[in-house]
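Listed below, chain by chain, are the residues.
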Amino acid sequence: MTAITPQTSIPKQGMDRRTFLQQSSALTAAMVMPTFPSKAKRRSRKMGVSVASYAIRWRSRDDSKTYPGFANALELLEHCHHLGAGGVQVGVRNWTEDFAGKIRDKREALDLYLEGQISLPKTEQEADSFETEVKRAKEAGAKILRTVCLSGRRYESFPTLESFQSFKRSSIQSLEWTETIMARHHMKLAVENHKDWRVPELLEILKHLDSEWIGVTLDTGNNISLLEDPMAVVEALAPYTMTTHFKDMAFEEYEEGFLLSEVPLGQGVLDLNRVIDLCLEANPEVTFNLEMITRDPLKIPCLKDSYWETFEDLPGQDLAHTLKAVRQFDSPHAMPDVSNKSSDEKLAFEEQNVKKSFQFAQESLGLK
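Residues numbered from 1 in each chain as written. Predicted model: local features only at pLDDT ≥ 70, side-chain atom pairs only at ≥ 80, totals over all residues. Heavy atoms only, no water.

Undergrad: Can you break down the overall build of the protein residue by residue, with the values?
TA: Per the secondary structure count, the protein includes 11 helices and 11 strands. Residues counted as buried form 57% of the 368 residues belonging to the protein. Counted over contacts in the protein with a minimum sequence separation of 6, partners at least 24 positions apart contribute 82%. Here the protein has roughly 16,500 Å² of accessible surface; of this, 47% comes from carbon and sulfur atoms. (Helix = DSSP H or I, 4+ residues; strand = E, 2+ residues; numbered from the N terminus. Buried < 20%, exposed > 50% of the residue type's maximum accessible area, 1.4 Å probe, protein only. Contact = heavy atoms within 4.5 Å. Areas by Shrake-Rupley, 256 points an atom, 1.4 Å probe, with all protein chains shown as cover.)

Undergrad: Talk me through the environment of Arg146; I want residue IDs and the actual numbers.
TA: The residue Arg146 is located in strand E4 (residues 144-147) in this model. Relative accessible area serves as the criterion here: at 12%, Arg146 is assigned to the buried category. Along the primary structure Arg146 and Ile118 are separated by 28 residues, whereas in three dimensions their C-alpha atoms are 6.3 Å apart. Excluding residues that lie within four positions of it along the chain, Arg146 makes contacts with Gln89, Gly116, Gln117, Ile118, Ala190, Glu192, His194, Thr217 and His245.

Undergrad: Tell me about the sheet that holds strand E9 (residues 257-263), and please be specific about residues and values.
TA: On the basis of which strands lie adjacent, the open sheet formed by 3 strands has the order E8-E9-E11 and antiparallel pairing. Every interior strand has two partners, whereas the edge strands, strand E8 (248-254) and strand E11 (298-300), have only one. Sheet twist, expressed as the mean angle between neighbouring strand axes with direction ignored, is 30 degrees. Lying on the sheet, helix H10 (residues 316-328) is in contact with E8 and E9; it crosses E8 at an angle near 95 degrees. (Pairing = 2+ DSSP bridges. Axes fitted to C-alpha atoms, helices over the stretch in contact; angles between N-to-C directions.)

Undergrad: Explain the packing of aromatic side chains to me, using residue names and the numbers behind them.
TA: Scanning the entire structure with this criterion turns up 13 aromatic pairs. Between Phe164 and Trp197 the ring centres are 5.7 Å apart and the planes differ by 65 degrees, which places this aromatic pair in the edge-to-face class. Of this pair, Phe164 sits in helix H6 (residues 161-185) while Trp197 sits in the loop between strand E5 (188-192) and helix H7 (199-209), and the two are 33 residues apart along the sequence. Take Phe164 and Trp197: they sit in the same class, and that class is buried. (Phe/Tyr/Trp six-rings, centres within 6.5 Å; stacked < 30°, edge-to-face > 60°.)

Undergrad: Explain the layout of surface pockets to me, using residue names and the numbers behind them.
TA: One number sums up the size of the second largest pocket: a volume of about 580 Å³. Lining of the second largest pocket is provided by 30 residues; of these, Glu115, Ile144, Met242, Glu285 and Thr287 occupy positions nearest its centre. Secondary-structure elements contributing two or more residues to the lining of the second largest pocket are strand E3 (113-117), strand E6 (214-219), strand E7 (241-246) and strand E10 (287-290). If you tally residues by element for the lining of the second largest pocket, the top one is E3, at 3 residues. Considering only residue class, the lining of the second largest pocket consists of 14 nonpolar, 6 polar and 10 charged. (1 Å grid on protein atoms, 1.4 Å probe; cavity = no way out; pocket = protein on both sides within 12 Å on 5 of 7 lines; lining within 4 Å. Points joined across faces, edges and corners; volume = space filled by probe spheres on them. Nonpolar A, V, L, I, M, F, W, Y, C, P; charged D, E, K, R; others polar.)

Undergrad: How would you explain the sheet that holds strand E2 (residues 87-91) if you had to name every residue and give the values?
TA: Taken together, the 8 strands give a closed barrel; going around it, the order is E1-E2-E3-E4-E5-E6-E7-E10, and neighbouring strands pair in parallel fashion. Strand-to-strand twist in this sheet, taken as the mean axis angle between neighbours without regard to direction, amounts to 30 degrees. In the sheet, E7 pairs with E10 via 4 bridges, with the strands oriented parallel. Directly across from His245, in E10, lies its bridge partner Asn289. Where helix H2 (residues 73-83) meets the sheet, it contacts strand E1 (48-50) and E2, and its direction lies at approximately 155 degrees from that of E2. Seen against the sheet, helix H9 (residues 272-282) touches E6, E7 and E10 and runs at an angle of roughly 165 degrees to E7.

Here it is as structure tokens:
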């Protein structure tokens, strides 16, 4: 493993820009109409589904006749097959050998790929159960496992820089334990940029690990919350990307910063064709898993002092660029409103958002 050395900026790489935005900020430049990708680079494939796209319906106990909850991964696989998905990314915790076999049989019968979701071990003792989960996922046919270092959000989880630095050290330790396990089973672990790491920090960790078995689950929208240009994030992380949380994002101002929300593909700020091309150019085998989380917009309180506590040298220019982009974004679609809906309305809204995303992916992105 290589030594960790601090980095303070995203590697400079060329970006696709619309002429009328060439003089604008980097983040504003991401807010363009879709480009037309090179046919030589694009390869038709089916989009998969992250279980988070069904965060409301997953194991729901609501007594809905139209949208009954998914009791387990078998039911999710069946539903996503009827939706037209190419695969599913779902948690593998507590799978038995028998259940892994049932998932394998169902996946093969439906011709779907499978990716697992797994939690990092916090101690060496937990590494044993982690390895069992890796083996079960492999038995079911998964080759990639998505994970996160932080389940929450950096600016909400850590009150001080010291607490964040402690988290960073423990995360690296966990990844070092898991690297040995992933290498032993020839499985890939894809760490998501999950509102925890800015790009230089995640690249620093990946270069420290220096392993073919550890890469990235590229979330195409999360790092806007950390004041990073989403297209610059894609460009920087694409060479390390094994799989994705493929999404579109919208935002608007509020008094302490801005609101950020997943929206159906094609309704937000991202140049999704460009995202696909960058990922495929770096890794022709990359998978695109829809993560359309149906929820109220998240508050990004970047104008509060507490937001800045865990950042040593976050440039004020990044804040200016982000807020400029937020103010320039003008969507004909309203930001999602979920909390005021009934249970059945929430479930219907979730299904509608997923179906709209699949329609756009098929008609406009070449993801058949």
